[in-house]
Structure formats: structure tokens, C-alpha cells
Amino acid sequence: MKYVARIVEVPDHGIKLEPVDGTTVPDRPTEVNLLGMAIALALGAAGYRHHAEQRDPELQTLDALLVGDAVMPWKPGTGGFLVCELNDGRPTCEVRPEAE
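Residues numbered from 1 in each chain as written. Predicted model: local features only at pLDDT ≥ 70, side-chain atom pairs only at ≥ 80, totals over all residues. Heavy atoms only, no water.

A.B. asks: Tell me about the overall build of the chain, and please be specific about residues and values.
C.D. replies: Secondary structure summary: the chain contains 2 helices and 6 strands in total. Listing every helix and strand of the chain by position from the N terminus yields β-β-α-β-α-β-β-β. For 100 residues, the compact-globule formula gives about 13 Å, and the C-alpha radius of gyration of the chain, at 12 Å, lands near that figure. Reported as C-alpha extents along the three principal axes, the dimensions of the chain are approximately 35 × 30 × 25 Å. Out of the 100 residues in the chain, the part that is buried amounts to 37%. Counting only contacts in the chain whose residues sit at least 6 apart along the sequence, the fraction spanning at least 24 positions is 60%. Accessible surface for the chain amounts to roughly 6000 Å². Of this, 51% is attributable to carbon and sulfur atoms. Within the chain, the 16 negative side-chain charges are centred at a point lying 5 Å from the centre of the 9 positive side-chain charges. (Helix = DSSP H or I, 4+ residues; strand = E, 2+ residues; numbered from the N terminus. Rg over C-alpha atoms; globule rule 2.2 N^0.38 Å. Buried < 20%, exposed > 50% of the residue type's maximum accessible area, 1.4 Å probe, protein only. Contact = heavy atoms within 4.5 Å. Areas by Shrake-Rupley, 256 points an atom, 1.4 Å probe, with all protein chains shown as cover. Lys, Arg positive; Asp, Glu negative; His and termini not counted. Charge placed at Lys NZ, Arg CZ, Asp CG, Glu CD.)

The following block contains the structure:
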């Protein structure tokens, strides 16, 4: 299973993820948290940094990020797509120029 999302810059606020059709969005809290950590590591490795704007913990949740409803305070990096392999509870993610 995969989680794949286009990374969209929201000027002066950060980025949001737009999941592609057919992507898997986990719904169990542990899977959501593990995917969130894998996403943060992939974004950091791709040159994304935290934006000066503080995160609103009531609106900017991991659940909302994964379905594309939240803008998170990250400064843009290389752009493209976030591609995550969901393997036995150990997701691995990377930022790629293409969805595949």
C-alpha cells in the first residue's frame, strides 16, 4: 500500500498535501502517527524547514494533513510529490519529482 500526495505551497503559510486518487490514508492513530513522523523526516531530508508561523494544534492535525485539509508550517523545499510505502507499520517516505 502507498500514500502519495502532491506537495502544494501555500504562500506565507507553508505547505499542504493533496493525496492522489487511489492513495491509502491510514485511519488508525498509531499508523497516522508513524506516517506523520516518516513524512516529517522525508520533508526535512528534501530541504523543507519549519515556517515561522506556529502550528495551530486544534486545526493542523496529522489526520487533517494526510487528507489534504490542513496547511502545515513548512517552508518549501524541492517540491513535487511525497511518496510513502506503508509496510507493516513502518512507513518509508521520500520527496520525488513524480508521483511514481
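A.B. asks: Please provide a residue-by-residue account of the state of the cysteines, values included.
C.D. replies: A full pass over the atoms with the stated rule returns 1 disulfide. The disulfide partner of Cys-84 is Cys-93, and the S-S distance across this bridge is 2.1 Å. Between Cys-84 and Cys-93, the S-S dihedral sits near 115°, and the bridge is therefore right-handed. Judged by its relative accessible area of 17%, Cys-93 is buried. (Disulfide = S-S within 2.5 Å.)

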